[in-house]
Structure formats: C-alpha cells, structure tokens
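Geometric and topological summary
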Amino acid sequence: MEKKELIYEGKAKKIFATEKSDLLIAEFKDDLTAFNNIKKGNEVGKGALNNKISTELFKILEKKGVQTHLVETIDETHQLVKKVEIIPLEVIVRNIATGSFVKRFGVEDGKVLPFALVELCLKDDTLGDPPMCADHALALEIATQEELSILKEMALTINSALQPFFAKVGLNLVDFKIEFGRDSHGTILLADEISPDSCRFWDLATNAKMDKDIFRQGLGDVKVAYEEVLNRILGAEK
Ligand code: 5GP
C-alpha cells in the first residue's frame, strides 16, 4: 500500500491517504511535545518504538475482543489503519492519582484510586483539552448516549486487559489516554495509539517513571525508558 496525500498532521503522527478509500497510513513521528505544545523535543527512533509498542498492545486488545483500527505494520514507523472519523474526546483511565488529577483535586500523588476512573476531555489543543462530563459531550453533540456508554465500557475493558498484563512485566499502569473513531458503518474502533507518550508507567520495583513524564519533567533519557517498556512487552507471555 502506497502513501498518497497527507490528510492530517498531529503532534506525534502524520496520517496519509492510500489508494483504498477505507484505509490510511499512520506515520509515527520522533517529535515529543508536552504542556500543550509549550515544550518541544525530538528523539530519533522514538516514533519506531511507539509504533512497535502500540502495535503489540493493539494486538493483545484485539485478542480480548476490543475492535481497533490497526490493520498491519508496514515498516518501522508506519502502520496501515482503517479509516475512522475520530471522536474529538480524550478518554482517560486512571488507576492511580497523579498529574492533572492531583492538581485539580489536591489528593496525594500516588494514591491508589478505589476503582478505575474514566474521564473525558475535549480534544482541542486551542482550548487546552478541557475536562468535561458526559452531558457536555451530549450537549456539544460530539457523541450519542449510546456511544458514550460504549466508550466507557471499552475503556474499562482495555484497562482490565492491560493493567494485569503490565503488572506481569513489572510495570504499574498508572493512567492512560485513548481515542476512538467511527468506521463507515458507525462501529466504534480504538484508534490513535497506546504508548509511553499517552500512558504513565511506573516501575513496580522502584517506582521510576518510564513514560513521557521523563520528557515533561526533564528526568533523563526518554528513549532508554521506551526501549525498556518495549522489551518488557516483547518478553511477556501473551
Ligand atoms: P493528565 O490529565 O494527568 O495530564 O494525563 C492523564 C494521562 O493521559 C497521562 O497518561 C497522559 O500521558 C495522558 N494524556 C493526557 N492528555 C494527553 C494528550 O494531549 N496527549 C497524550 N499523548 N497523552 C495525554
């Protein structure tokens, strides 16, 4: 499948058309951004790592019955995906309080939440991805009630599959952000990526951060951590 015209460029990926109207090519970029684009960086090889990590995780999720946009890996930095209309919501699942949750609610950083919390943010960089509730999404006509229920159920299924998977390889899945899209039949598919750019992983033995917080907080070498996450995923029993 050949790359045709660029149809979208985000902070971490470029999306290209293909000769097939229902398929797209996603290119994983080496760029890193944080704090709504205020901090910018580039790590050669980061895109390839995220492509591999996300592909492995999407395959695990497909086996658990989660429908995703992934069709196949093309090469180091490209994957073939089903065309979807992205629902402009960032669906965030939190197992442990940290990040913006701690800033907003003043609870202790690292507090284990009593249940997996599903949050919604509007996917809009110009507005700073504001947190919203389901009624906001309904009032803004971003998704229907039925779709919102499906998103929540899929988000919790994904967490139930990934949290124990990562625990087995010594990683604490603290929180993560996912995005969904509708295919041409209106079926909701997991889209975008699941990678250390969009998840928080803490080493279960040392509590060391092994995700984009290393870049956000200037804690060290992002790529070393991403490589370690990939190696643990590849070494895991699936
Ligand atoms: P927080 O709301 O605490 O900043 O982030 C919660 C989780 O969602 C973290 O794992 C974080 O990496 C992810 N997340 C939140 N917003 C974004 C975003 O705009 N882009 C990406 N890649 N991840 C995000």
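Since the model is a prediction, treat every value here as computed from it, not as a measurement.

Section: the side chain of Lys13
Mapped onto the elements, Lys13 comes out in strand β2 (residues 13-17). Beyond its immediate sequence surroundings of up to four residues, Lys13 is in contact with Tyr8, Ala26, Glu27, Phe28, Lys29, Asp192 and Glu193.

A look at the environment of Glu147
Assignment of secondary structure puts Glu147 in helix α4 (residues 145-168). Take Glu147: its relative accessible area is 12%, and that puts it in the buried class. In sequence terms Glu147 and Asn51 are 96 residues apart; their C-alpha atoms lie 27 Å from each other. Look past the residues within four positions of Glu147 in its chain and what remains in contact with it is Arg182 and Ile188. Within the structure, Glu147 has its side chain in polar contact with the backbone nitrogen of Thr144 (distance 3.0 Å).

Some remarks on the sheet that holds strand β6 (residues 70-75)
Read from one edge to the other, the open sheet built from five strands follows the order β1-β2-β3-β7-β6, with strand pairing classed as antiparallel. With one partner strand each, in any of the chains shown, β1 (6-9) and β6 form the two edges of the open sheet. Strand after strand, the sheet turns through a mean of 25° between neighbouring axes, direction not considered. Pairing analysis gives five bridges linking β2 to strand β3 (residues 23-28), with the strands arranged antiparallel. Each bridged residue has a counterpart across the sheet, and for Phe16 the counterpart in β3 is Ile25. Each of β3, β6 and β7 (78-82) is contacted by helix α1 (residues 46-63), which is oriented at about 150° to β6, the strand it contacts most.

As for the state of the cysteines
According to the stated counting rule, one finds zero disulfides in the structure shown. Free of any disulfide, Cys133 has its nearest neighbouring cysteine sulfur in Cys121, separated by 12 Å. As a non-bridged cysteine, Cys199 has Cys121 as the owner of its nearest cysteine sulfur, 15 Å distant.

Digging into the site of the ligand
By nearness alone, 15 residues border the ligand, and Arg94, Ser100, Asp175, Arg200 and Arg216 come closest of all. Take Asp175: an N or O atom from its side chain is 2.7 Å from an oxygen atom of the ligand. For the shell around the ligand, the elements supplying multiple residues, two or more each, are β9 (89-96), α2 (99-105), β12 (171-182) and β14 (199-203). Residue composition of the shell around the ligand, by class: three nonpolar, four polar and eight charged.

Describing α4
Between its first and last C-alpha, α4 extends 35 Å over 24 residues, near the 34 Å set by a 1.5 Å rise per residue. Every buried residue of α4 is listed here: Glu147, Leu148, Leu151, Met154, Ala155, Ile158, Asn159, Ala161, Leu162, Phe165 and Phe166. Just downstream of α4 lies Gly170, where phi reads positive at about 75°.

As for the environment of Leu127
Along the chain, Leu127 turns up in the loop between β10 (112-122) and β11 (131-132). Put simply, Leu127 and Asn36 are 91 residues apart on the chain and 9.5 Å apart in space, counted from C-alpha to C-alpha.

A word on the pattern of salt bridges
Evaluation of the coordinates by the stated rule reveals 21 salt bridges. Taking the shortest distance from any N to any O, the salt bridge between Glu27 and Lys3 comes out at 2.7 Å. Placement of Glu27 in strand β3 and of Lys3 in the segment before β1 is noted, with a sequence separation of 24 residues between them. On the accessibility criterion, Glu27 (15% relative accessible area) is buried. Its salt-bridge partner being Arg94, residue Glu119 comes within 3.1 Å of it at the nearest N-O pair.

Examining the environment of Ala134
With respect to the element layout, Ala134 can be found in helix α3 (residues 134-139). Ala134 sits 51 residues away from Lys83 along the chain, and the two C-alpha atoms are 25 Å apart. Those residues in contact with Ala134, other than ones at most four positions away along the chain, are Leu120 and Leu148.

Rules of the game
Residues numbered from 1 in each chain as written. Predicted model: local features only at pLDDT ≥ 70, side-chain atom pairs only at ≥ 80, totals over all residues. Heavy atoms only, no water. Helix = DSSP H or I, 4+ residues; strand = E, 2+ residues; numbered from the N terminus. Contact = heavy atoms within 4.5 Å. Buried < 20%, exposed > 50% of the residue type's maximum accessible area, 1.4 Å probe, protein only. Polar contact = N/O pair within 3.5 Å; in protein donor to acceptor, adjacent residues only side chain to side chain. Pairing = 2+ DSSP bridges. Axes fitted to C-alpha atoms, helices over the stretch in contact; angles between N-to-C directions. Disulfide = S-S within 2.5 Å. Near = heavy atom within 4 Å. Nonpolar A, V, L, I, M, F, W, Y, C, P; charged D, E, K, R; others polar. Expected span 1.5 Å × (residues − 1). Salt bridge = Lys/Arg side-chain N within 4 Å of Asp/Glu carboxyl O.

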